[in-house]
Structures are given as structure tokens and as C-alpha cells.
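Coordinates in review
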Amino acid sequence: MKAIVYTKYGSPDVLQFKDVEKPSPKDDEILVKVCAASINAYDWHFMTADIFLIRVMGVGLFKPKNTRLGADVAGRVEAVGRNARQFHPGDEVFGDMAGHGNGSFAEYVSAPESVFALKPANLSFDEAAAVPMAGVTALQGLRDEGQIQPGQKVLINGASGGVGTFAVQIAKSFGAEVTAVCSTRNVEQARSLGADQVIDYTREDFTQSGQHYDLILAANGYHSLSAYKRALTPKGLYVMAGGSQAQIFEAMLLGLLMSKASGKKMGGVSAKPNQEDLVFMKGLLEAGKVVPVIERRYPLSKTAEALRYLGEGHARGKIVIHVEDRV
Ligand SMILES: NC(=O)c1ccc[n+]([C@@H]2O[C@H](COP(=O)([O-])OP(=O)(O)OC[C@H]3O[C@@H](n4cnc5c(N)ncnc54)[C@H](OP(=O)(O)O)[C@@H]3O)[C@@H](O)[C@H]2O)c1
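How each quantity is defined
Residues numbered from 1 in each chain as written. Predicted model: local features only at pLDDT ≥ 70, side-chain atom pairs only at ≥ 80, totals over all residues. Heavy atoms only, no water. Patch = residues over 30% accessible without salt bridge, like charges linked within 9 Å, V, L, I, M, F, W, Y side chains within 5 Å. Areas by Shrake-Rupley, 256 points an atom, 1.4 Å probe, with all protein chains shown as cover. Salt bridge = Lys/Arg side-chain N within 4 Å of Asp/Glu carboxyl O. Helix = DSSP H or I, 4+ residues; strand = E, 2+ residues; numbered from the N terminus. Buried < 20%, exposed > 50% of the residue type's maximum accessible area, 1.4 Å probe, protein only. Phe/Tyr/Trp six-rings, centres within 6.5 Å; stacked < 30°, edge-to-face > 60°. Lys NZ or Arg CZ within 6 Å of the ring centre and 35° of its normal. Contact = heavy atoms within 4.5 Å. Core = buried A, V, L, I, M, F, W, Y, C linked by side-chain atoms within 4.5 Å. Right-handed = clockwise from strand over helix to strand, strands pointing away. Pairing = 2+ DSSP bridges.

Turning to a nonpolar patch on the surface, a few remarks are in order. A grouping of F52, L53, V56, M57, L61, F62, M252, L253, L254 and L257 is seen on the molecular surface, where their side chains present a nonpolar patch of about 1,100 Å² in accessible area. Sorting the residues of the nonpolar patch by element identifies α2 (52-59) and α8 (245-262) as the ones contributing at least two each. Inspection of the secondary structure assignment puts M252 in helix α8. Residue class for M252 comes out partly exposed when judged on its relative accessible area of 48%.

As C-alpha cells, then:
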């Protein structure tokens, strides 16, 4: 089968489109014919090892131990392992291969059943592939770490990317009053996703406005931890999902200390892919409460181009790898 393979860290130039062995499902696995995959910053970090921690976390100090990339996937079940009970050949599924060998930039994947859920019936494969990592990160950031409640004032910083476009819609579905922060060209998109207020970060710094929020999800950009704290209500919560490296490390290193000192919880979300949350997202998607935003689609052979575009840092919503032409 065709797949994207890399044997050294670097720019998208390190990616090769080549023939590899088609996987066969182990006893608890299902073999899925990939119809679509989608790109995440996660893939960028695995490809470049730009965050040094990635190398020491077992991904490979000098070169990648696992030569395959791609987490988000949607496709059709082709075969099931001996002990796999949940899915049957022909089922349409979506999932997140992070923690299970990655490899969704390929014509087939094989992974445990728990990686997948049935694809939302109203979504194309491209749309379904856009959901797992970004959607579940937004969900866990708002619901689990952020303890979101109806009527709360919630701000999403970085509301126009993969995580942010899901976060705006998920926060609305929980009954929050949502403020989206993005650049000028994405203001209309944020409104159309349901944001009650939109702040253009090129014109206004929300941390200086005097407004206070019960919950802030930081998906992109950068503000210091003390600036975020200033924008929170007295019992407000700050949840860092991503953004600049400084934003990530400040939350990891200083969040706990600042929480103890201020009584405002300043922490982060580290998304844990799981079937239950995929099913939760399926419910929101089928109810029309959440709609994936896809800016661009690339064929599998052009995955390097897709990653190059994501790496520029201004993708709107999701970038999809369209693998099977018939769908
Ligand atoms: N914690 C976890 O478990 C987890 C899971 C998934 C992702 N992440 C992290 O979450 C972050 C966001 O992921 P993503 O998929 O949303 O990335 P993305 O799709 O690549 O984000 C691109 C978006 O970021 C916006 N942006 C760029 N600079 C900004 C700024 N200064 N202020 C506000 N928005 C800005 C861009 O909008 P403009 O063009 O308008 O600037 C663009 O729409 C990444 O750092 C990723 O590594 C973490």
C-alpha cells in the first residue's frame, strides 16, 4: 500500500510517499481502509521534533523510532481481528491513532477497536477525519479541565484553527456565552460558528480590556500567565491547550504555583483520545451542534505540502488528506 514515511526529523521535505507493507489486524484490532486523514500540529511536532521534549519522551533522540505519521483517520472497516467484537467489515468509522503507532497518512491502518467509533452518519469521510484530535482536545479542555457551565462567559484564544473552531461550537453547545479571539480575516468565520462576541487580536488585546471571563481556553497565540489571570473572574479557570512554546511552558511550569497563590485555577489540557469522547462528539455532530471547518484538502501524495501549509501557522479550521478517490 502507499503511505507517508519519514526516517529523519526535519521540514516536510523529509516525508516520502512510498510503498510499505499493508498491515494485518492483530486479535483485538480492526483493519480500516483509509478514506481520509487530517493534519494536526501533533504531526508537525513528530516530524520536526521542534519541541525537544518529544525526543526524550521515547519518540527517538536523533531520529524517529516510528517512521509513520498521522493520527486522525476516517474510513471503512475491511477486516476484524479474532477478538474484535464491536465493528464489522463495511462499518464506517473515525478515530485517533495517537498512542497506537500513528500511521493514518496511508491507504490502510490497523489499530485496537477502542481507537474508533462509528462515523457520524451525516458527515463525509473528509469531515469525520477532521474531528478526532482537535474536537476531543477542545471537549476535554472545556468540559473536563474547564468544568464549563451554562451561562458562563467563556473566551477562546486562537478561535480560528483546528482546536479553536471546535471549541467555539462546543462551548456554545454547553450553553456558554462565547467570546472568540482571532485575526481580522477570521472574524466572520467565528461569528458564523456561533461566537457571541469576536475580538480581533490585531486591533485589541483582550487581557487589557477590563473584561473578565469564567473560563479561558488558550488554543493559540501567546499571552503571559499573569495577563490571562488578570482576565479571569475571581474563581475563573484558565486551560492551556497549545499556542506558542512560551505559552505551553509557562502553563506547565508556573500554572500550579500561580493557582495556589491566586485561587484561580491555571492549568492545561493534555488530550486523552478515547472512544467515549468520540461518541460524545458524534452526538454533537449528528445533532448539528458542531460542524467541522475544513479549509483545504490534499491527496495523500501531497501530504508534505499540507504539512508545510499547517506549519505556516494560519490554517483556518482543519486541513484534510483525502485518501480514497471514490468518496
Ligand atoms: N494539549 C493537547 O492535548 C493538544 C491537542 C491538540 C492540539 N494541541 C495544540 O493546540 C494548538 C492549536 O492547535 P490547532 O490544531 O488549533 O492549530 P492550528 O489549526 O494550526 O492553528 C492555526 C490557527 O491559529 C491562529 N493563530 C495564529 N496565531 C495566533 C495568535 N497570535 N492569536 C490567536 N490565534 C492565532 C491562526 O489564525 P490567524 O491566521 O487568524 O492568526 C490559525 O487559524 C497547537 O499548539 C497544538 O499543538 C494541543
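Counted under the stated rule, the structure contains four aromatic pairs. With a centroid separation of 4.5 Å and an interplanar angle of 35°, the aromatic rings of Y42 and F46 are classed as tilted. Here Y42 and its partner F46 are both found in helix α1 (residues 41-48), four residues apart, which amounts to about one turn of the helix. For the pair formed by Y42 and F46, the shared burial category is buried. By the ring-pair criterion, three or more aromatic residues cluster together here, those being F206, Y228 and Y238. The ring of F125 has K119 sitting right over it, with the charged end atom 4.9 Å from the ring centre. Above the face of the Y213 ring, K153 is positioned so that its terminal group lies 5.5 Å from the ring centre.

Another point: the side chain of Q169. Looking at where Q169 falls in the secondary structure, it is placed in helix α5 (residues 162-173). Apart from residues lying up to four places away in sequence, Q169 is in contact with L193, K289, V290 and V291.

Bringing the nonpolar core into the picture now. Of all hydrophobic cores here, the largest spans 47 residues; its most connected members are L142, V154, I156, F166, V168, I170 and M281. If sequence neighbours within four positions are ignored, V168 has contacts with I156, A159, V178, A180, A190, L193 and A195. In this structure, Y6, Y42, A49 and F87 belong to the second largest nonpolar core, which totals 43 residues.

Now for the pairing of strand β8 (residues 153-157). When a strand is regular, its side chains alternate between the sheet's two faces. Of all the five residues making up β8, four are buried; the element is thus mostly covered by neighbouring parts of the structure. Note that the unit made of β8, α5 and strand β9 (residues 177-182) has a crossover that is right-handed. Bridge count between β8 and strand β11 (residues 213-218): four bridges; the pairing is parallel. Residue pairing across strands places V154 opposite L215, the latter belonging to β11.

Any functional reading would require information that these geometric values do not contain.
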